[in-house]
Amino acid sequence: ARAGELSNGSAAGQRVEEILQDILPMLEQTSPPIFPDDIALAIRLTIRSEDALPVDALSIRAQLQELPVPSYNITSVEAVSDPDTKVAALVYGTWDVPSFREGSFVARDGAGLPLYTGTVSIPFVLSLPDETIFGPVPVTMYQHGQPGTAEEGLPRTAVGFSEVGHALIGFTDIVNREVITSGDTSALTQDVFQTLLVDNRTPEYLGTLPLAEQLAFIRMISGLDRLDVFPVGAPDGVPDLDVSAPLSYLGISKGSTHGTRLVPYAPEIRAAQLAVAGERLSAVYIHQSSDSIYEFASQFFSGVSRTDLYVSLALLQMGYDPQDAVNHTRYMYRAPHELGNKNRASVLLTAGLADPLTPPYSTETAAWGFGLPHLEPVQSSVPSLPVISGPISANLGANQTGAYYQY
């Protein structure tokens, strides 16, 4: 191949020659240099590539930009009379989310790209602060934890946001709408492993499909510029929301993991607070429920060992890697994609020490992937993160501030 004698119309030979043209000059630059005449055998091993990681997200975003802004319907508006909060009203409705779904997986076209399959109506909830009486208010997008729903979590969380005059809006993700319907997270573990056994694939309702819905929800929020339901029972003709104001994001627990995956592809978000974010699904499973997973696996495979379990979880992680949130963090600041908008959100990533659900190495990996410094005081050292003293501003760029913080 080095002598150029393999091509002769052979595609494989031509490929080997092209590979050597890349490799041999690099070897001559090593110290000490390795010259071609000293090489008896060169073997190239391709382990895995990151090239395919952003393909689904970029394709879905591009298709959403071409589709109409999702429509919505208000089903009820409830006045909040609690004098201890500044929440004025809770608004309930449905929105028509563009779907790229086929069962537990992403629907795909002949080229393997996500395929738009129509719209599905799902609920959302919106809180309006007392400030709405004076005119349109800015919006924060909210994503709940797991188990949980927007209907349960948003009204509680809205109290703090109303204090600063923000509306809060959110919807319930697929897993909590359809799989964890009784609050029992073991139902999800069983469904994931049953899907693996039946379909030999990791379900995509875990990561890619929630990302698609969140990207669509941002589009829906942009279409709320004429929403007028306040004062309750006597709308005043003035829009309730200022969708031109910077959009912010709050993700709680699993919602923060969804946010970790979302922000690299959502330049519309100006600032994001990711509470105990991260992922590494297999590590989270081990941290949360390795015993229950082992008991479940034992029902199907007699004589399964703990070693078998951990090997299986490693294989599960390989199948899940394209969806894993931390694998997408590099596209935030390190290698951002051209999305028609150069802005990227400022990120505050927080970690709770001794968290029984989210392991510390999950949030630490996300922080390193984003390239965030560790904001003092340091409760537990993370050697891979530089330490920074507060207050901080624009430490990641002219318009980006970011930090990892432990409590």
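Residues numbered from 1 in each chain as written. Predicted model: local features only at pLDDT ≥ 70, side-chain atom pairs only at ≥ 80, totals over all residues. Heavy atoms only, no water.

Asker: So what about the overall build of the chain? Which residues, and what values?
Answerer: Within the chain, the secondary structure is distributed over 10 helices and 13 strands. Per-residue burial for the chain yields a buried fraction of 46% across its 407 residues. Considering only residue pairs separated by 6 or more positions, the chain has 68% of its internal contacts joining residues 24 or more positions apart. Counting only carbon and sulfur atoms, one obtains 54% of the accessible surface of the chain, whose full area is about 19,500 Å². Here the chain contributes 22 positive and 45 negative side-chain charges, whose respective centroids are spaced 5 Å apart. (Helix = DSSP H or I, 4+ residues; strand = E, 2+ residues; numbered from the N terminus. Buried < 20%, exposed > 50% of the residue type's maximum accessible area, 1.4 Å probe, protein only. Contact = heavy atoms within 4.5 Å. Areas by Shrake-Rupley, 256 points an atom, 1.4 Å probe, with all protein chains shown as cover. Lys, Arg positive; Asp, Glu negative; His and termini not counted. Charge placed at Lys NZ, Arg CZ, Asp CG, Glu CD.)

Asker: So what's going on with helix α9 (residues 306-320)? Residues and values would help.
Answerer: The end-to-end C-alpha separation of α9 is 21 Å, in line with the 21 Å expected for 15 residues at 1.5 Å each. Of all the positions in α9, only L309, L313, L316, Q317 and Y320 are classed as buried. For α9, the angular spread of the buried residues around the axis is 100°, confining them to a single face. Among the exposed residues of α9, those pointing more than 90 degrees away from its buried face are T307 and L315. As for α9, its buried residues are in contact with α5 (186-199), α7 (254-262) and α8 (281-300). (Expected span 1.5 Å × (residues − 1). Arc of directions from axis to C-beta.)

Asker: With reference to specific residues and values, describe the side chain of D324.
Answerer: Locating D324 in the fold gives a position in the loop between α9 and β10 (346-351). No salt bridge forms around the buried D324; measuring N to O, its nearest opposite-charge neighbour R280 is 4.5 Å away. Sequence-distant contacts of D324, defined by excluding residues within four places in its chain, comprise E279, R280, L281 and Q317. (Salt bridge = Lys/Arg side-chain N within 4 Å of Asp/Glu carboxyl O.)

Asker: Could you give me a rundown of the nonpolar core, with the residues and numbers involved?
Answerer: Core analysis: the largest hydrophobic core is formed by 59 residues, its most contacted members being W95, L126, I169, F217, L241, L262 and I269. When residues in this core are grouped by element, the largest group, eight residues, is from helix α6 (residues 208-222). Counting residues in hydrophobic clusters, the runner-up holds 19 residues, among them V179, I180, L281 and F296. (Core = buried A, V, L, I, M, F, W, Y, C linked by side-chain atoms within 4.5 Å.)

Asker: Tell me about unusual backbone geometry, and name the residues and values.
Answerer: For the bond running from S31 to P32, omega is -5°, close enough to zero to count as cis. Take P32: it is sitting in the loop between α1 (11-27) and α2 (55-66). Cis rather than trans, the peptide bond between Q146 and P147 has omega equal to 0°. By the element assignment, P147 lies in the loop between β6 (139-143) and α3 (150-163). Even without glycine at this site, V276 takes up a positive phi of about 55°. Here V276 shows up in the loop between β9 (269-275) and α8. Its identity as a non-glycine residue notwithstanding, A354 has a phi of 60°, on the positive side.

Asker: Explain the pattern of salt bridges residue by residue, including any values.
Answerer: Under the criterion given, the structure shown has nine salt bridges. For E50, the salt bridge identified is with R330, shortest N-O distance 3.4 Å. With E50 in the loop between α1 and α2 and R330 in the loop between α9 and β10, this pair connects stretches of sequence that are 280 residues apart. Residue E50 is classed as partly exposed on the basis of its relative accessible area of 41%. With a relative accessible area of 30%, R330 lands in the partly exposed category. Here R306 and D291 are joined by a salt bridge, their closest N and O atoms 3.2 Å apart. Taken together, the positions of R306 in helix α9 and D291 in helix α8 put the pair 15 residues apart, joining distant regions of the chain. Note on R306: relative accessible area 35%, which makes it partly exposed. Taken together, the salt bridges that share partners define one network made up of D56, R108 and E204.

Asker: Can you explain the packing of α6 against α7? Please cite residues and give values.
Answerer: Contact geometry for α6 and α7: axes closest at 10 Å, N-to-C directions at 75°. The orientation of α6 with respect to α7, classified from their angle, is roughly perpendicular. Along the contact surface, α6 presents P210, L211, Q214, L215 and I218, while α7 presents H258, G259, R261 and L262. For the contact of α6 with α7, the residue count by class is five nonpolar, three polar and one charged. (Axes fitted to C-alpha atoms, helices over the stretch in contact; angles between N-to-C directions. Parallel < 35°, antiparallel > 145°, perpendicular 65-115°, else oblique. Nonpolar A, V, L, I, M, F, W, Y, C, P; charged D, E, K, R; others polar.)

Asker: Can you tell me about the packing of α5 against α8, naming the residues and giving the values?
Answerer: At a closest axis distance of 10 Å, the pairing of α5 and α8 adopts a crossing angle of 55°. Viewed along their axes, α5 and α8 adopt a mutual orientation that is oblique. Every pair of crossing elements has a handedness; the one defined by α5 and α8 is right-handed. Contacts between α5 and α8 involve T189, Q190, V192, F193, Q194 and L197 from the first element and Y285, S289, I293, F296 and F300 from the second. (Left-handed = near helix turned anticlockwise from the far one by under 90°.)

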